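An overview of the molecular structure
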Amino acid sequence: MPRSRLPLFNIAVAIIGVLLLIYTVQRAGGWGAIVNGVAGVGWWFVPVVVLGAFRMACRSRAWMVCANDSQLRFAPAFGAWLAGDAIGNLTPLGLLASEPTKILMARTHISTVTAIASVTIENAFYTGSVLVVLLSGAWLFMQHANVPPGLEQISEIILIAVAIAAVIGIWAVRTRPAVLSRFAPMISRLAGRSDAPAETIREVESRIYGVSQWPIGRILHVVSWEAAFHVLAVAEVWVVVAQLIPDVTLAEAFLLEAAGRFVTVAFKFVPLRLGTDEAGSGAVAAVLGFAPAVGVTLALVRRLRIIVLNAIGLIPLVKGSHGR
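So, a few notes on the structure that sits alongside this text. (Residues numbered from 1 in each chain as written. Predicted model: local features only at pLDDT ≥ 70, side-chain atom pairs only at ≥ 80, totals over all residues. Heavy atoms only, no water.)

So, about helix α11 (residues 250-266). For α11, with 17 residues, the first-to-last C-alpha span of 24 Å sits near the 24 Å given by 1.5 Å per residue. In terms of residue burial, α11 counts as a mostly covered element, since twelve of its 17 residues are buried. Among the residues making up α11, those that are buried are E252, A253, F254, L255, L256, E257, A258, A259, G260, R261, V263 and T264. (Helix = DSSP H or I, 4+ residues; strand = E, 2+ residues; numbered from the N terminus. Expected span 1.5 Å × (residues − 1). Buried < 20%, exposed > 50% of the residue type's maximum accessible area, 1.4 Å probe, protein only.)

What follows is the structure, given as structure tokens:
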């Protein structure tokens, strides 16, 4: 998309998100019910922010294991992750903005090749973990009675998409297609050179495909951090919803988190996923027998948590721009 059209696209997406948010809130009982719900969370918002920070720390640790470079310490890795997440959430570019931000910030500690390869590998592990969450959530969701046809179709689409992704993943591991080589111009820009050597690109590709040769201990180390990320996400949902519905179960919290993860993946291009989080969470809450306002409140509280952490993530970027 031409840069001249990007601001217009941002504005259009934001307007649609606001309209969807207003519509969803009205369907859930109006702003009064939502405000009361958010107020009901009260000081529990602090643990929600802490859990969110720990989740980001888990993916930062997973990234460090993927990099396997002692020069990448936790503090800069965590800072780069926070900054990348902020840029990815605040723009419609999503991963196209967040991951290059991590790479650029990590280049002061590790080589560009290591940064690109490790970020790509960590995202692959994360994607696999998300597919497991979506698959489990879709299966559990379809076990519930009275699931609306629309949500049932979404669950079926998720199951099909996960199956296709699994087939593509197996094919990629077996055939090792030279996909990254086709993105040579992008790599050249990230490396700050007009013509990145072909051997450098091949080295990045080799490191990515070399994951299949990793010791099982290293693979399990990354998987454990990705799993911890999702466990903490379910805990975060439970903490919020438990303030509104004391008898909420972990299974219900998992279903709400799975729905949220699907919205995150499907609507990453929407800045802060404005309106989409509330609509999805409210619909799933209704299917689980809760008031839609519970789902909308959950989405808004989590959005406030995102704003807090993203504001922290922008600090090093703002400092860097002033220091130039």
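On we go.
On to the side chain of R218, then. Take R218: it is sitting in helix α10 (residues 216-242). Of the side chains with opposite charge, D69 comes closest to the buried, unpaired R218, at an N-O distance of 9.7 Å. One polar contact links the side chain of R218 to the main-chain carbonyl oxygen of V65, over a distance of 3.1 Å. Excluding residues that lie within four positions of it along the chain, R218 makes contacts with V65, C66, A67 and N68. (Lys, Arg positive; Asp, Glu negative; His and termini not counted. Salt bridge = Lys/Arg side-chain N within 4 Å of Asp/Glu carboxyl O. Polar contact = N/O pair within 3.5 Å; in protein donor to acceptor, adjacent residues only side chain to side chain. Contact = heavy atoms within 4.5 Å.)

What follows deals with the packing of helix α4 (residues 74-90) against helix α5 (residues 95-106). Where α4 meets α5, the closest approach of the two axes is 7 Å, and the angle between their N-to-C directions is 150°. One element, α4, and the other, α5, form an angle in the roughly antiparallel class. Where α4 crosses over α5, the two elements pack in a sense that is right-handed. Facing α4, whose interface residues are G79, A80, W81, A83, G84, D85, I87 and G88, α5 presents A97, S98, T101, K102 and M105. Across the contact of α4 with α5, the residue classes break down as six nonpolar, five polar and two charged. (Axes fitted to C-alpha atoms, helices over the stretch in contact; angles between N-to-C directions. Parallel < 35°, antiparallel > 145°, perpendicular 65-115°, else oblique. Left-handed = near helix turned anticlockwise from the far one by under 90°. Nonpolar A, V, L, I, M, F, W, Y, C, P; charged D, E, K, R; others polar.)

Here α10 crosses α11 at 110°, and the two axes come no closer than 8 Å. Compared by their axis directions, α10 and α11 come out roughly perpendicular. Both α10 and α11 take part in a crossing whose hand is right-handed. Taking contact as the criterion, the partners of F229, A233, V234, V237, W238 and V241 in α10 are, on α11, L250, A253, F254, L256, E257 and R261. Broken down by class, the residue content of the contact of α10 with α11 amounts to ten nonpolar, no polar and two charged.

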